Amino acid sequence: MALEVSHVVGGYSQIPVLKDISFDVRDGELVGLIGLNGAGKSTTINHVIGLLTPHKGTITLNGVTIDQDSQAYKQQIAYIPETPVLYQELTLREHLEMTMMAYDLDQKVAWETAHKLLKIFRLDNKLDWFPANFSKGMKQKVMIVCAFLTQAKLYIIDEPFLGLDPLAVNDLLNLIEERKKTGASILMSTHVLDTAQRYCDRFVLLHDGQVKTEGTLSELQAALPEAGESLNDIYLSMTKVDRA
Amino acid sequence: MTGLFKSRLQRHLREMAKYLRLVFNDFFVFALMFLLGGLGYGYSNVLKQLKMGLWWEPVVVVLVLLVTLQVGRFATLIEDADRVFLLPKERAMHAYLVAARRYSQGLAQTTQVIVVFLLAPFLRVALGWSVPQIVGLLVVQVILKDTLLRLDLASAYQVTGQRRMNEWPIKWLLGLVTLAVGVWLTPYAAIVLAILADGAIAVWLQRHWQKQQIRWREQIKIEDNRMLGIYRFFNLFTEVPMVEGTIKRRRYLDWLFKSIKATHQQTYTYLFSRGMVRGTDFSGLVVRLTVIGMLLLYFVRGDWLPVLLAALFIYLIGFQLLPFFQQYDDVVFTHIYPIAPELRLRSFEHLVTLILGVAALLMWVIIVVANLSLVTAGIALVVELVEVWYLARIYTPQRLARAMKNKA
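Residues numbered from 1 in each chain as written. Chains lettered and ligands numbered in written order. Predicted model: local features only at pLDDT ≥ 70, side-chain atom pairs only at ≥ 80, totals over all residues. Heavy atoms only, no water.

Draft legend 1. Seen up close, the overall build of chain A. A tally of helices and strands in chain A yields 9 helices and 9 strands. Over its C-alpha trace chain A gives a radius of gyration of 18 Å, about what one expects of a compact globule, namely 18 Å for 244 residues. Based on the C-alpha atoms only, the size of chain A along its principal axes is roughly 55 × 40 × 30 Å. Among the 244 residues that make up chain A, the fraction classed as buried is 55%. Long-range contacts, defined here as pairs at least 24 residues apart, represent 67% of the contacts in chain A between residues at least 6 apart. Surface summary for chain A: the accessible area is close to 10,500 Å², and the carbon and sulfur share equals 51%. (Helix = DSSP H or I, 4+ residues; strand = E, 2+ residues; numbered from the N terminus. Rg over C-alpha atoms; globule rule 2.2 N^0.38 Å. Buried < 20%, exposed > 50% of the residue type's maximum accessible area, 1.4 Å probe, protein only. Contact = heavy atoms within 4.5 Å. Areas by Shrake-Rupley, 256 points an atom, 1.4 Å probe, with all protein chains shown as cover.)

What follows is the structure, given as structure tokens:
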């Protein structure tokens, strides 16, 4: 059990956005976090990466909570934010080096990985540029390269498919597949449901700060038999219940 | 659309008033009065010794007027979002821009009148001009400024295959030719020239604006730059949130980072050092304060005064550096990296020690050179060392640890 979120109540202020949510991500598994705008996906992610502290409940990552040992907890996580965040004053090369230093990686091995990743995302000739001046898609690629540089146990990817070109989306999915094989887990939030349906092992459907359903596609289909076949149909029917 | 401009103008003026109150505080007004008094006195002395008919006198007049002409920019108050939200209203924007130009005239023309007014005694004494001639020159100056603002308005529109009309060679050349005619020949001929130029642009604009698109991007950039200039000025007196420092690559300073090894312990030293050197905010502050301190110390003599002054400047630099610790708080990775907070604090301590140490050393050298006294040099060295150590190793970590705790 890599990540275990258990009965978490939380949010940015005293008013909880998340109302008692529980789910888990197992080793070597890609879990899709699905929900409308404002359903609580980003809030969930912010709790998992430790930016927010839950009001109630616990988040455990391979047996460690952030309160027990924040270093050991953070060491296991790599995060790709929805909106790329960069250090204005650092070049691409320095961003990579900084990531290696922060995660205490072996420089030689890490640079080998880095060069491979840079080549995939066609950034290898831009090492001495300031990524702060890149386009959104290219900044996102920098985020991906930095995250996959680490040998994290859990990758948290917030809405990766918007802004990336189709080639990069494909490369990212391959990378995820590759890391899954080595036992890493991935928690990914997205709106692109048909891609999610094809690649995610399980889904957590968030609605209004609560976990509506979770499980594999067939489990979801079994739970909502009249909803339809695809993730899209299931998802729409789930939100409709609420609107009606 | 003029309504939109009016409401924006009100907001703009309210904001400016807020900052101006902070700029013109008692100290500044006091200093300004002295400065103006001194300058006025000096000017009147110069006038007394002036002889008529020297070759450089008309050149000075032309140069002063030419520079003054560039003061007072076209304030459009256009915002970034306008190129999306006002795009369907492009034709109606003309009325907005005309209103903006009308407003811009106020400050611009006031400046022109004041400068010509100040120049009047010089014109009388040095060039022996009569009052009607001087009034004529004032009219030239005002019409020229009107022309330049009209150029700014006209170049808000795209002109296919043609250079932008408000490029600086055009602006300077137009002013230079007209003013030269006005000063060396007669201001009355210059009036005619200025009216012709102004009229020609007015006619062109009247014919073309309905067919052209507005250069949104350029106009937004120009306005952003204008506002940034204003904020930068205010930023000298008070904190202005809108001023973000710029980043310069400064490749020639990369050797500074050579000694920082790429180890986990040094992660923040790696970041802080580059941020400090390449960002213009904090590095500019440190350099400015150090240079001003050195200049003052060069002229100040005595046993204790230089020591006190150096101590004051070191304290100022150290104190101003504190916020740099939070510089990266809005980058999410600062919170996600598995780095102990103590390491970040220690890196910052190192940086502050180094910066204060170098500043202290430079100032100490000036003290030694200026005073040539063993006693002063010795006292200064001890005081500076103790102060740098206290500020960097005791005061800074204490303050920042408290700040971090308050946040958590």
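From this point, the narrative continues.
Draft legend 2. Local environment of the interface of chain B and chain A. Contact residues are listed per partner, giving 28 residues for chain B and 26 residues for chain A. For the pair chain B and chain A, the summed buried area comes to about 2,600 Å², and 67% of that belongs to carbon and sulfur atoms. Linking chain B to chain A there are 2 salt bridges. Salt-bridge contacts for Arg278 of chain B lead to Glu94 of chain A; the nearest nitrogen and oxygen are separated by 2.6 Å. At the surface where chain B touches chain A, the tally comes to 12 residue pairs in polar contact (both at pLDDT 80 or more). Those elements that place two or more of their residues in the side of chain B that touches chain A are helix H10 (267-278) and helix H13 (333-336) of chain B. Considering every element that reaches the side of chain B that touches chain A, the biggest residue donor is H10 of chain B, with 6 residues. Of the residues that constitute the side of chain B that touches chain A, the class distribution is 13 nonpolar, 9 polar and 6 charged. (Buried area = accessible area lost by both parts, 1.4 Å probe. Salt bridge = Lys/Arg side-chain N within 4 Å of Asp/Glu carboxyl O. Polar contact = N/O pair within 3.5 Å; in protein donor to acceptor, adjacent residues only side chain to side chain. Nonpolar A, V, L, I, M, F, W, Y, C, P; charged D, E, K, R; others polar.)

Draft legend 3. Main features of the side chain of Glu349 of chain B. All names here are of chain B. Mapped onto the elements, Glu349 comes out in helix H14 (residues 341-371). On the accessibility criterion, Glu349 (14% relative accessible area) is buried. Ignoring any residue separated from it by four or fewer positions in sequence, one finds Glu349 in contact with Ala392, Arg393 and Pro397.

Draft legend 4. Structural context of the domain arrangement of chain B. Here chain B is partitioned into domain 1 (2-234) and domain 2 (251-407). Of note, the centres of domain 1 of chain B and domain 2 of chain B, computed from C-alpha atoms alone, are 42 Å apart. (Domains from an automatic or database assignment.)

Draft legend 5. Just the nonpolar core, in detail. With 130 residues, the main nonpolar core has Leu3, Leu96 and Phe148 of chain A as its most contacted residues. Examining the composition of this core, we find that 12 residues originate from one element, H14 of chain B, more than from any other. The next biggest cluster of nonpolar side chains, apart from the first, holds 53 residues, and it includes Leu86, Ala126, Trp204 and Trp216 of chain B. (Core = buried A, V, L, I, M, F, W, Y, C linked by side-chain atoms within 4.5 Å.)

Draft legend 6. Broad picture of the pattern of salt bridges. Inspection of every chain in the model, using the stated rule, returns 26 salt bridges over all chains. Arg26 of chain A serves as the salt-bridge partner of Glu29 of chain A, at 3.9 Å between the closest nitrogen and oxygen. Between Arg150 of chain B and Asp198 of chain B there is a salt bridge, with the nearest N and O atoms lying 2.7 Å from each other. With Arg150 of chain B in helix H6 (residues 131-154) and Asp198 of chain B in helix H8 (residues 187-208), the pair connects residues that are 48 residues apart, well separated along the chain. The exposure class assigned to Arg150 of chain B is buried, which follows from its relative accessible area of 18%. The buried category is assigned to Asp198 of chain B, whose relative accessible area is 9%. Among the charged side chains, a network of salt bridges with common partners joins Asp24, Arg26, Glu29, Arg202 and Glu214 of chain A.

Draft legend 7. Focus on H14 of chain B. In this model, H14 of chain B (31 residues) spans 44 Å end to end at C-alpha, consistent with the 45 Å of a helix rising 1.5 Å per residue. Note on H14 of chain B: the residue one or two positions beyond its end, Leu372 of chain B, has a positive phi of about 50°. (Expected span 1.5 Å × (residues − 1).)

Draft legend 8. Structural detail: the environment of Thr91 of chain A. As for its placement among the helices and strands, Thr91 of chain A is situated in the loop between strand S5 (77-80) and helix H3 (92-102). Separated by 34 residues in the primary sequence, Thr91 of chain A and Asn125 of chain A place their C-alpha atoms 12 Å from one another. Look past the residues within four positions of Thr91 of chain A in its chain and what remains in contact with it is Leu127, Asp128, Trp129, Phe130 and Pro131 of chain A together with Arg249 and Arg278 of chain B.

Draft legend 9. The arrangement of unusual backbone geometry in detail. The backbone of Asn62 of chain A shows a phi angle near 45°, a positive value even though the residue is not glycine. Within the secondary structure, Asn62 of chain A sits in the loop between strand S4 (56-61) and helix H2 (70-75).

Draft legend 10. Broad picture of the sheet that holds strand S7 (residues 185-189) of chain A. All names here are of chain A. The sheet built from 6 strands is open, its strands ordered S5-S6-S7-S3-S8-S9 with mixed pairing. A strand with exactly one partner marks an edge of an open sheet, and here the two such strands are S5 and strand S9 (210-215). Each adjacent strand pair in this sheet contributes to an overall mean axis angle of 15°, direction not counted. Helix H5 (residues 136-149) contacts S5 and strand S6 (154-158) of the sheet and is inclined by roughly 175° relative to S5. Across the sheet, helix H6 (residues 166-181) touches strand S3 (30-34), S6 and S7, and the angle it forms with S7 is around 145°. (Pairing = 2+ DSSP bridges. Axes fitted to C-alpha atoms, helices over the stretch in contact; angles between N-to-C directions.)

Draft legend 11. Looking closely at a nonpolar patch on the surface. All names here are of chain B. Judged by side-chain polarity, Val287, Val291, Leu295, Tyr298, Phe299, Leu361, Val365 and Val369 come together as a nonpolar surface patch covering roughly 780 Å² of accessible area. Those elements that provide at least two residues to the nonpolar patch are helix H11 (280-299) and H14. The leading source of residues in the nonpolar patch is H11, at 5 residues. With respect to the helices, strands and loops of the structure, Val369 is situated in helix H14. (Patch = residues over 30% accessible without salt bridge, like charges linked within 9 Å, V, L, I, M, F, W, Y side chains within 5 Å.)

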